[in-house]
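Chain by chain, the residues run as shown.
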There are 2 protein chains.
Amino acid sequence: MPRTNRTRFALLGFLTQGPKTGYDLRKVFEERTSHFWSESLGQVYPTLRRLYEEGLVVREVQKQDARPDRIVYSITEEGHAELVLWIAQPSKPQPVRNEQLLKLFFASPEHAPALSNDLRRHLDRYRAQLDRFHSFENQIPQLAPTEARNQMWRLTLSLGQRILAARVGWCEEAIPVLDAISKETES
Amino acid sequence: MPRTNRTRFALLGFLTQGPKTGYDLRKVFEERTSHFWSESLGQVYPTLRRLYEEGLVVREVQKQDARPDRIVYSITEEGHAELVLWIAQPSKPQPVRNEQLLKLFFASPEHAPALSNDLRRHLDRYRAQLDRFHSFENQIPQLAPTEARNQMWRLTLSLGQRILAARVGWCEEAIPVLDAISKETES
DNA sequence: CGCCGCATGTAAGAGGTTACATGATTCG
DNA sequence: CGAATCATGTAACCTCTTACATGCGGCG
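Residues numbered from 1 in each chain as written. Chains lettered and ligands numbered in written order. Predicted model: local features only at pLDDT ≥ 70, side-chain atom pairs only at ≥ 80, totals over all residues. Heavy atoms only, no water.

Its rotation angle being 180°, the transformation that places chain A on chain B also includes 0.0 Å of axial translation and leaves an RMSD of 0.0 Å. Taken together, the rotation and translation describe the operation of a two-fold axis. Nearest to the rotation axis, the C-alpha of isoleucine 163 of chain A is located 2.9 Å from it, this being the minimum over chain A. When the interface residues of chain A are mapped onto chain B, 100% of them are again interface residues, pointing to one common binding face. (Least-squares fit on C-alpha atoms with pLDDT ≥ 70 in both. Contact = heavy atoms within 4.5 Å.)

As a further point, take the interface of chain A and chain B. Between chain A and chain B, the residue contacts involve 67 residues of the former and 67 residues of the latter. Of the roughly 6800 Å² buried between chain A and chain B on both sides combined, carbon and sulfur atoms contribute 66%. Looking at the side of chain A facing chain B, the largest losses of area belong to Arg97, Phe105 and Phe106 of chain A, adding up to 13% of the total buried there. Taken together, chain A and chain B are joined by six salt bridges. Where arginine 97 of chain A meets glutamate 39 of chain B, a salt bridge forms, and the shortest distance between an N and an O atom there is 2.6 Å. Summed over the shared surface of chain A and chain B, the number is 33 residue pairs in polar contact (both at pLDDT 80 or more). For the side of chain A that touches chain B, the secondary-structure elements that each account for two or more residues are helix 1 (6-15), helix 4 (77-88), helix 5 (99-106), helix 6 (112-143) and helix 7 (147-186) of chain A. For the side of chain A that touches chain B, the leading source of residues is helix 7 of chain A, giving 20 residues. Counted by class, the side of chain A that touches chain B contains 36 nonpolar, 19 polar and twelve charged residues. (Buried area = accessible area lost by both parts, 1.4 Å probe. Salt bridge = Lys/Arg side-chain N within 4 Å of Asp/Glu carboxyl O. Polar contact = N/O pair within 3.5 Å; in protein donor to acceptor, adjacent residues only side chain to side chain. Helix = DSSP H or I, 4+ residues; strand = E, 2+ residues; numbered from the N terminus. Nonpolar A, V, L, I, M, F, W, Y, C, P; charged D, E, K, R; others polar.)

All names here are of chain A. Taken as a whole, chain A is organised into domain 1 (6-88) and domain 2 (99-186). Computed over C-alpha atoms only, the centres of domain 1 and domain 2 are separated by 29 Å. At the junction of the two partners, domain 1 supplies seven residues and domain 2 supplies ten residues. For the pair domain 1 and domain 2, the two sides together bury roughly 660 Å², of which 57% comes from carbon and sulfur. Between domain 1 and domain 2 we count zero salt bridges in total. Scanning the region where domain 1 abuts domain 2 turns up zero residue pairs in polar contact (both at pLDDT 80 or more). Considering only residue class, the side of domain 1 that touches domain 2 consists of one nonpolar, four polar and two charged. (Domains from an automatic or database assignment.)

What follows concerns the protein's contact with DNA strand C. As a structural note, the neighbourhood of DNA strand C is formed by 28 residues, with Tyr23, Tyr45 and Arg97 of chain A together with Arg6 and Ser40 of chain B the closest of them. What you see for DNA strand C is that sugar and phosphate hold 71% of its atoms within 4 Å of the protein. One of the side-chain N or O atoms of arginine 97 of chain A is found 2.6 Å from a phosphate oxygen in DNA strand C. At 3.2 Å, a backbone N or O of asparagine 5 of chain B approaches a phosphate oxygen of DNA strand C. (Near = heavy atom within 4 Å.)

To continue, consider the packing of helix 1 of chain A against helix 3 (residues 41-53) of chain A. Packed helix pairs are characterised by how far apart their axes lie and by the angle those axes make with each other. All names here are of chain A. Two numbers describe how helix 1 lies on helix 3: the axes approach to 10 Å, and their chain directions differ by 80°. Taken together, the axis directions place helix 1 and helix 3 in an arrangement best described as roughly perpendicular. Touching Thr7, Arg8, Leu11, Leu12 and Leu15 of helix 1 are Gln43, Val44, Thr47, Leu48, Arg50 and Leu51, all from helix 3. Here the residues of the contact of helix 1 with helix 3 are counted per class, giving six nonpolar, three polar and two charged. (Axes fitted to C-alpha atoms, helices over the stretch in contact; angles between N-to-C directions. Parallel < 35°, antiparallel > 145°, perpendicular 65-115°, else oblique.)

Residue and element names in this part refer to chain A. Along helix 2 (residues 22-32), the residues that are buried comprise Gly22, Leu25, Val28, Phe29 and Arg32. Along the axis of helix 2, the buried residues cluster in a sector spanning 120°; they form a single face. Residues of helix 2 that are buried make contact with helix 1, helix 3, strand 2 (70-75) and helix 6. (Buried < 20%, exposed > 50% of the residue type's maximum accessible area, 1.4 Å probe, protein only. Arc of directions from axis to C-beta.)

Okay, the protein's contact with DNA strand D next. Near DNA strand D lie 27 residues; those nearest to it are Arg6 and Ser40 of chain A together with Tyr23, Tyr45 and Arg97 of chain B. When the atoms of DNA strand D within 4 Å of the protein are sorted by group, sugar and phosphate make up 75%. For DNA strand D, a phosphate oxygen lies 3.4 Å from a polar atom in the side chain of asparagine 5 of chain A. Take isoleucine 71 of chain B: an N or O atom from its main chain is 3.1 Å from a phosphate oxygen of DNA strand D. When contributions to the surface near DNA strand D are tallied by element, the ones reaching two or more residues are helix 1 and helix 3 of chain A together with helix 2 (22-32), helix 3 (41-53) and strand 2 (70-75) of chain B. Looking at the surface near DNA strand D residue by residue, the class counts come to eight nonpolar, nine polar and ten charged.

As for its placement among the helices and strands, valine 84 of chain A is situated in helix 4. Here the alpha-carbon distance between valine 84 of chain A and tyrosine 23 of chain A, two residues 61 residues apart in the chain, equals 24 Å.

This brings us to the side chain of serine 108 of chain A. Mapped onto the elements of the fold, serine 108 of chain A is located in the loop between helix 5 and helix 6. With near-sequence residues (within four places) excluded, serine 108 of chain A lies in contact with Arg149 and Met152 of chain B.

Shown next as structure tokens:
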């Protein structure tokens, strides 16, 4: 059994929140789940088509002139059933791969400056991500269909924040260490 | 440019710490980098062979009876150069995918019990991982070739610990929330 | 006048996981 | 006597990313 295709479920999941086009879906991944799930465009359209062929979604083509037609997908009963089945299954531990740490692990002292710079750049990204968290957090009360759902969404944010905080804290620990190594090596 | 093959560098990196067989390498990934890097067996042997064909490693076959011959790989000058080049390059943000959070995001209240159980299982894994951290941490002083390397290895552990702590803390937050949702739904 | 947003996709090509295959030895 | 360790690999399979392709309209 090869690993299971999770893109299917990610798409189905968002379609439970209303009909959407491929374009909508790609946006929604960026805005709402970028801290724990990303999808590349090249995966969205082919997978949507496959879901359609399997009857897990239906589609409605809306003609537009001056623009490509919108193809709006909606989830079916069967799609819902498949999604629910997947959610209920225990999730297996996923392979872990952190390229940055791998580099650090094999680095020599003379790489310290480059690594330090790299970390600084990443720190900036983390801060940008924190902003996105806040904007989504504020939207939850309006978006959440039920109180339980509201709480669950908050939990997904919470882990994101905790991990982000861990990374930020680590960068703040690591940068001075690397800078100190840089200085030693210079002299 | 398709995504770059990081397995190559992971293998080269460990070979800087002395000649090793494919089998050794797979073990070393488990023991030392399991908190930030994993390799599957099906990737190790083919990649080693490719590195050999490209002249980045050399090999020595040690005959054994009653067992398959050991094929011991050592890194070459060229391999070293390639590794160093890779380390110096800034690392790009990697796609993030957390299946567990994805499920939580799409879950309905009636899934709360299953999700809660799942989290409990993961908590156990986290604790086991913490143990592995400690055992490696204790080995660092003997294993580290230089003081700077020693500090870098400590940093990789530090991020692992911080993230693990974040996850544990989150589980402890999330389990009661999910259990509360379970109770509400029952009644 | 150029870039961004809307809107669809395809093609190429890794990269990576899982399962299969084999077989002796040692340890509990 | 069965499981784990040593030791090599292959086959199947697909998931996923990157880059390419097209084209209008609006905003600054």
